[in-house]
Amino acid sequence: MGDDNRVIAHNAEVDYQAYRILQNYHDGIVKSKGEEQALRQELKKAKEDYDAKRMSFDDYVEFREATENAIRENRMDRIEAYRDVIAAHLKIQLV
């Protein structure tokens, strides 16, 4: 009976860890991809504004550089999130 309880407890822990991996994936990666898409849309809109003369060249270049930097930072954060998900997955497999 005691062995059955240990197996149940172990399986519950693995299930919980799997849930945490999925939550981390969603929080760190899915949201990041949505943020990047929104940044790219803002960049596209700024280009349209510049082409329509609603934005000066200097303002457009400054906005473009800042947005591209934000996209790069977003990708670096996403890489770290992927690493965290993989590390958590490997930890479960070792248990």
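Residues numbered from 1 in each chain as written. Predicted model: local features only at pLDDT ≥ 70, side-chain atom pairs only at ≥ 80, totals over all residues. Heavy atoms only, no water.

In this section: the side chain of Glu-36. By secondary structure assignment, the location of Glu-36 is in helix α1 (residues 2-51). Not counting the four nearest positions on each side in its chain, Glu-36 is found in contact with Ile-71, Asn-74, Arg-75 and Arg-78. (Helix = DSSP H or I, 4+ residues; strand = E, 2+ residues; numbered from the N terminus. Contact = heavy atoms within 4.5 Å.)

Enumeration over the complete set of coordinates arrives at two aromatic pairs. Measuring from centroid to centroid gives 5.1 Å for Tyr-50 and Tyr-60, while their planes differ by 15°, and the two rings are stacked. Note that Tyr-50 is positioned in helix α1 and Tyr-60 in helix α2 (residues 57-94), a separation of ten residues in sequence. Taking relative accessible area as the criterion, Tyr-60 reaches 9% and is therefore assigned buried. Linked through ring pairs, Tyr-50, Phe-57 and Tyr-60 together constitute an aromatic cluster. (Phe/Tyr/Trp six-rings, centres within 6.5 Å; stacked < 30°, edge-to-face > 60°. Buried < 20%, exposed > 50% of the residue type's maximum accessible area, 1.4 Å probe, protein only.)

Take the environment of Ala-38 next. With respect to the helices and strands, the residue Ala-38 is situated in helix α1. Between the C-alpha atom of Ala-38 and that of Ile-71, which follows or precedes it by 33 residues, the distance is 9.8 Å.

Note on pairing: side chains with opposite charge can pair once their charged atoms come close. Following the criterion strictly, the structure yields nine salt bridges and no others. Note that Glu-36 and Arg-78 form a salt bridge whose closest N and O atoms lie 2.6 Å from each other. Taken together, the residues span a long stretch of sequence, with Glu-36 in helix α1 and Arg-78 in helix α2 at a distance of 42 residues. Judged on exposure class, the residue Glu-36 and its partner Arg-78 are both buried. Here the salt bridges do not stand alone but share partners, grouping Glu-36, Arg-40, Arg-75 and Arg-78 into one network. (Salt bridge = Lys/Arg side-chain N within 4 Å of Asp/Glu carboxyl O.)

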